[in-house]
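# Residue-level structural notes
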Amino acid sequence: MADIDNRTKIEAEFRNSLMPVFRSAQKSAASGSDLNYTDLAVDIAGAAEESIRKAHVAIFLLLMSQEWVDFSGMQLMADQMAASYSSNAAAAIGKTVADNIRNDLASGTLPDVVFDVNRADRIAQTEVTRAVTSGGKQAKSILASTGKKLIARWRVQEVSPGKPDDRVDDICRPLNRLLEPEWRQIYNGMPPRHVNCRCYVDYIPSSELEQVK
Ligand SMILES: [Zn+2]
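Rules and cut-offs
- Residues numbered from 1 in each chain as written.
- Predicted model: local features only at pLDDT ≥ 70, side-chain atom pairs only at ≥ 80, totals over all residues.
- Helix = DSSP H or I, 4+ residues; strand = E, 2+ residues; numbered from the N terminus.
- Buried ≥ 20, exposed ≤ 12 C-beta atoms within 10 Å, placed from the backbone.
- Pairing = 2+ DSSP bridges.
- Contact = placed C-beta atoms within 7 Å.

### Some words on the environment of Glu182
Its place among the elements puts Glu182 in helix α6 (residues 180-186). When the 12 C-beta atoms within 10 Å are taken as the criterion, Glu182 is described as exposed. Remark: the alpha-carbon pair of Glu182 and Arg153, spanning 29 residues in sequence, is separated by 9.1 Å.

### A few points about the pairing of strand β1 (residues 150-155)
Across the 6 residues of β1, 5 count as buried, placing the element largely inside the fold. Across 6 bridges, the pairing between β1 and strand β4 (residues 200-205) is antiparallel. Across the sheet, the residue bridging to Trp154 is Val201, located in β4.

### Describing unusual backbone geometry
Trans peptide bonds make up most of the peptide bonds, and negative phi angles are found at most residues other than glycine. Between Pro191 and the following residue, Pro192, the backbone shows a cis peptide bond with an omega angle of 0°. Position of Pro192 relative to the elements: it lies in the loop between α6 and β4. Positive phi, close to 70°, is recorded for Arg177, a residue that is not glycine. Position of Arg177 relative to the elements: it lies in the loop between β3 (163-164) and α6.

### A few points about the environment of Ser134
Considering the arrangement of structural elements, one finds Ser134 in helix α5 (residues 117-145). You can call Ser134 buried: it has 21 C-beta atoms within 10 Å. Linking Ser134 and Leu40, residues 94 residues apart in sequence, is a C-alpha distance of 25 Å. Apart from the residues within four sequence positions on either side, Ser134 is in contact with His56 and Tyr85.

Here it is as C-alpha cells:
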C-alpha cells in the first residue's frame, strides 16, 4: 500500500487555512493588544479540522478498498470515523498551538517570527501525518475484526524504492521499511516521530509478507 496520494495538496490547504488566522493574531500581537488565546485556539481548530478530516478519510478508504472492495458502507464508515477523529484532534491542535504561541510571545519572540508561514507548514505536515496514522489504525482494526490480518511496516517518503528523499529526518531514516516488531525495538510509537515527520505506515496482508522480506 502506498501513502495517500493527496498528502502534499492537503498539507498546502491546511497551511493556507491557518495563515489568515495567524495573520490576524499577528496583527493584534504587533499592535500590543492582548490576544485572546481561547479564541485563537478555537480559530486554529476551525482551520485545521477539514484538512485532517480529509487525510483521515483518504487513508481509511485507501486501506479498506485495497482489502475489501465490495463493502458498500465504506464511504459512510470513513466519514463517521474521520468526523469523530477530526473534531477532537482539531481541538487538541488548537489548544497546543495557541499555548505554544503564547509561550513564544511571552519569551519575547517577535510576532512576525511567531506567526511565520513555517510554523503553519510544520503544523500541517505533522498533523496530516498524525491523521493518516489514526485512519490507518482504525481501518486495520476493522479489517482485523473480519479476519484480514495486516502487518504494519514503517515507511519514510522515498524518491525511489528504499531511497529516502532529502527531507527525511535522520531519526526516521533507520526505521524505513522495518516491520512493526522491528521498528518498535528502536522507537516504540507510530508516525509522527517528530515535528515535520511525513512518515506513514504501510499495511501488508500477512499472506503477502514473504514477498516483501
Ligand atoms: Zn518521520
